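Structural features, examined
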Amino acid sequence: MRMDVMGMAPEIGPKATGVAVVEMARDGRFAEIEDLFAPPLRAAVTAQRLQAAWAAELGKHGSVSAIGEPESEPGEAGLVRVSVPVTCEHGELMMIMSVDHVGMLHGLRLAPAATTSWTPPPYAAPKRFGECEVTVGSGPLAVSGTLSLPRGRGPRPGIVLLGGGGPFDRDATSGPNKPLKDLAWGLASRGVAVLRFDKVTHTHSGQVANAHDFTMTDEYVPHAVAAVRLLQDQSSVDPARVFVLGHSMGGKVAPRVASAEASVAGLVILAGDAQPMHRSAVRVARYLASLDSNLITDADVEAITRQAAMVDSRHLSPSTPAAELPLGLWPGSYWLDLRGYDPVATAAVLDKPMFILQGGRDYQVTVEDDLSRWKAGLAHRTDVTIRVYAADDHLFFPGTGPSTPVEYEPAQHVDPVVIADIAEWLTSGQGKITRFLSGLKRLRRLKRPKHLEN
């Protein structure tokens, strides 16, 4: 953390950063808060503007009487979202900030204190399945996960869930929402065994941050393959019917996982980005700037455009500093891996069925920029199902009107139609085909002459 200007230890974590920022605001030290701003935030917010916003809130709620325990969770683009409760004379506030791995602030705002936590979606039936903790992978980078097993003997299909870009936990927790937990509970209630796990960037963030050759493949593939094999080992799961479901960047990388592990039965891709990520970063920045210049300024858009150009440049190398690249979080090695990977071309040569789902209101991964690539590249495949959910956003939360980042803040659940369609595809539609092929392979092995067994 870059707190040396105050004589504090440089390695304190995001929670301590959050408390320190609130203490600075309480004491009127707004210039010191501004010293922690990352360049995009510095271009949009000044110490004077922050002080005025703070004074306006205290005018409504009274002076600060206590600072509560901070909460942290993975945020977008590899940042950590820290929420610090602030008790005032006449009410409570929440200071919410986005912090990177060196302690710089990328976002900062005051909001009413949040009281809502995750509750099971109406389509979940917890009595129909049980859950247990598992370890995914081995060695120093092993992570924890949750196995959701429907009650009964089986055999049944199974699916491994992969979250989006950023250091997400197994539930893809974001505020009061847990979209991967929605998916796990919804599918397990419908007879599908589900395995979800914390990302390596969530559990081992320090080791990953110090790995200068880290790539998208490192972030996903080893643990995804280990999770597939772990699920196949469950006695109630048909090992020939274990699928991989990826959301957002998890959807992008899912074809690479299936290439690495031939036993994967098929893929379910939710809002999988197919447009090169550095170019989509520019597109998203322009969209947000068009909604509200306080979210992203024209200067921010210009900076992101320059960083994206570096990714396309022949000068990009593993040693290119993260600060010169989009989002300022990943080393050159990560972007070289992304630049050389075409998820649609990788998927096109896989001999595996696919179900691709897209939210019609999604501004991060769009019908026009991403789904169009999946459709064009897989047009020759009769075993690929593509479906658009017109009312859904990037997290497949239903809504109306243009989607914005604020839309993700209220407690909500993944569209029940999405859950039902995935379960139907796995168990009744594609599942029947996979079961037939699996049985045919077993029959061929049984009829094979003994002298050919080895």
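What comes next concerns the included structure. (Residues numbered from 1 in each chain as written. Predicted model: local features only at pLDDT ≥ 70, side-chain atom pairs only at ≥ 80, totals over all residues. Heavy atoms only, no water.)

Let us now look at the overall build of the protein chain. The helix and strand inventory of the protein chain stands at 15 helices and 13 strands. Considering only residue pairs separated by 6 or more positions, the protein chain has 66% of its internal contacts joining residues 24 or more positions apart. With the model as given, the accessible surface of the protein chain reaches about 20,100 Å², and the carbon-plus-sulfur share is 54%. (Helix = DSSP H or I, 4+ residues; strand = E, 2+ residues; numbered from the N terminus. Contact = heavy atoms within 4.5 Å. Areas by Shrake-Rupley, 256 points an atom, 1.4 Å probe, with all protein chains shown as cover.)

Moving on, we get to helix α8 (residues 216-232). A rise of 1.5 Å per residue sets the reference length of α8, with its 17 residues, at 24 Å; its end C-alpha atoms lie 24 Å apart and thus fit the reference within 8%. Across the 17 residues of α8, twelve count as buried, placing the element largely inside the fold. Looking only at α8, the buried set comprises Met216, Glu219, Tyr220, Val221, His223, Ala224, Val225, Ala227, Val228, Leu230, Leu231 and Gln232. (Expected span 1.5 Å × (residues − 1). Buried < 20%, exposed > 50% of the residue type's maximum accessible area, 1.4 Å probe, protein only.)

This part takes up the pattern of salt bridges. Taken as a whole and judged by the stated rule, the model has 21 salt bridges. Residue Arg241 is joined to Asp238 by a salt bridge in which the shortest nitrogen-to-oxygen separation is 3.1 Å. Judged by relative accessible area, which is 9%, Asp238 ranks as buried. Across the pair Arg279 and Asp312 runs a salt bridge, and its minimum N-O distance is 3.1 Å. Residue Arg279 is found in helix α10 (residues 277-291), and its partner Asp312 is found in helix α11 (residues 298-312); the two are separated by 33 residues along the sequence. (Salt bridge = Lys/Arg side-chain N within 4 Å of Asp/Glu carboxyl O.)

All right, on to the sheet that holds strand β13 (residues 384-389) then. On the basis of which strands lie adjacent, the open sheet formed by eight strands has the order β6-β7-β9-β8-β10-β11-β12-β13 and mixed pairing. Looking at the sheet topology across the chains shown, the edges are occupied by β6 (129-136) and β13. Shown here is a sheet whose adjacent strand axes are inclined to one another by a mean of 20 degrees, direction ignored. Contacts from helix α14 (residues 367-377) reach β11 (267-270), β12 (354-359) and β13 within the one sheet, and its direction differs from that of β12 by about 165 degrees. (Pairing = 2+ DSSP bridges. Axes fitted to C-alpha atoms, helices over the stretch in contact; angles between N-to-C directions.)

This paragraph deals with the packing of aromatic side chains. Counted according to the given criterion, the structure contains nine aromatic pairs. Plain terms: the ring middles of Phe214 and Tyr334 are 6.1 Å apart, the flat faces sit at 35 degrees to each other, and that makes the pair tilted. Of the two residues, Phe214 sits in the loop between α7 (205-209) and α8 while Tyr334 sits in helix α12 (residues 332-339), which places them 120 residues apart along the sequence. Given a relative accessible area of 0%, Tyr334 falls into the buried group. For the ring pair Trp330 and Tyr334, a centre distance of 4.3 Å and an interplane angle of 15 degrees mean the geometry is stacked. Note on Trp330: relative accessible area 8%, which makes it buried. Three or more aromatic residues joined by ring pairs form one cluster here, namely Phe214, Trp330, Tyr334 and Trp335. The cationic tip of Arg256 hangs over the ring face of Tyr341; the distance from NZ or CZ to the ring centre is 4.2 Å. (Phe/Tyr/Trp six-rings, centres within 6.5 Å; stacked < 30°, edge-to-face > 60°. Lys NZ or Arg CZ within 6 Å of the ring centre and 35° of its normal.)

Bridge analysis of β6 against strand β7 (residues 143-150) gives eight bridges, and the strand direction is antiparallel. Bridge pairing in β7 places Cys132 opposite Leu147. Hairpin connection, β6 to β7: the antiparallel pair is bridged by six residues, and Gly137 has positive phi, about 85 degrees.

Let us look at the packing of α8 against helix α9 (residues 249-260). Packed helices, taken two at a time, are described by their axes: the angle between them and the distance between them. Following both chains from N to C, one finds α8 and α9 inclined at 60 degrees, their axes separated by 9 Å at the closest point. With respect to α9, the element α8 is oriented oblique. For the pair α8 and α9, the sense of crossing is right-handed. Across the interface between the two elements, Met216, Thr217, Glu219, Tyr220, Val221, Ala224 and Val225 of α8 pack against Met249, Gly250, Lys252, Val253, Arg256, Val257 and Ala260 of α9. For the contact of α8 with α9, the per-class residue count stands at nine nonpolar, two polar and three charged. (Parallel < 35°, antiparallel > 145°, perpendicular 65-115°, else oblique. Left-handed = near helix turned anticlockwise from the far one by under 90°. Nonpolar A, V, L, I, M, F, W, Y, C, P; charged D, E, K, R; others polar.)

As for its position among the elements, Ser83 is in strand β3 (residues 80-88). Judged by its relative accessible area of 13%, Ser83 falls in the buried class. Apart from the residues lying within four places of it in its own chain, the contact partners of Ser83 are Glu69, Pro70, Glu71, Met94, Met95 and Ile96.

Judged by nonpolar contacts, the single largest core of 53 residues is most densely connected at Leu162, Leu267 and Trp374. With nine residues, the single largest contributor to this core is α8. Sequence-distant contacts of Trp374, defined by excluding residues within four places in its chain, comprise Gly251, Pro255, Ile269, Gly272, Ala274, Pro343, Val344, Ala347 and Ile356. Core analysis: the second largest hydrophobic core is formed by 48 residues, Ala124, Leu245, Val365 and Val418 among them. (Core = buried A, V, L, I, M, F, W, Y, C linked by side-chain atoms within 4.5 Å.)

Look at α10 against α11: their axes get within 9 Å of each other, and the N-to-C directions meet at 170 degrees. Judged by the inter-axis angle, α10 sits roughly antiparallel to α11. On α11, the residues that touch His278, Arg279, Ala281, Val282, Ala285, Arg286 and Ala289 of α10 are Val301, Ile304, Thr305, Ala308, Val311 and Asp312. Of the residues belonging to the contact of α10 with α11, the class tally is eight nonpolar, two polar and three charged.

Checked against the element boundaries, Asp415 lands in the loop between β13 and α15 (416-447). Residue classification places Asp415 among the buried residues on the basis of a relative accessible area of 10%.

In terms of residue burial, strand β9 (residues 193-197) counts as a mostly covered element, since five of its five residues are buried. Alternating residues of β9 divide into Ala193, Leu195 and Phe197 and Val194 and Arg196, and every residue in both groups is buried. Pairing between β7 and β9: four bridges, direction antiparallel. Looking across to β9, one finds that Ser148 is bridged to Val194. Pairing of strand β8 (residues 156-162) with β9, which is carried by three bridges, proceeds in the parallel orientation. Counted as the bridge partner of Val160 is Leu195 from β9.

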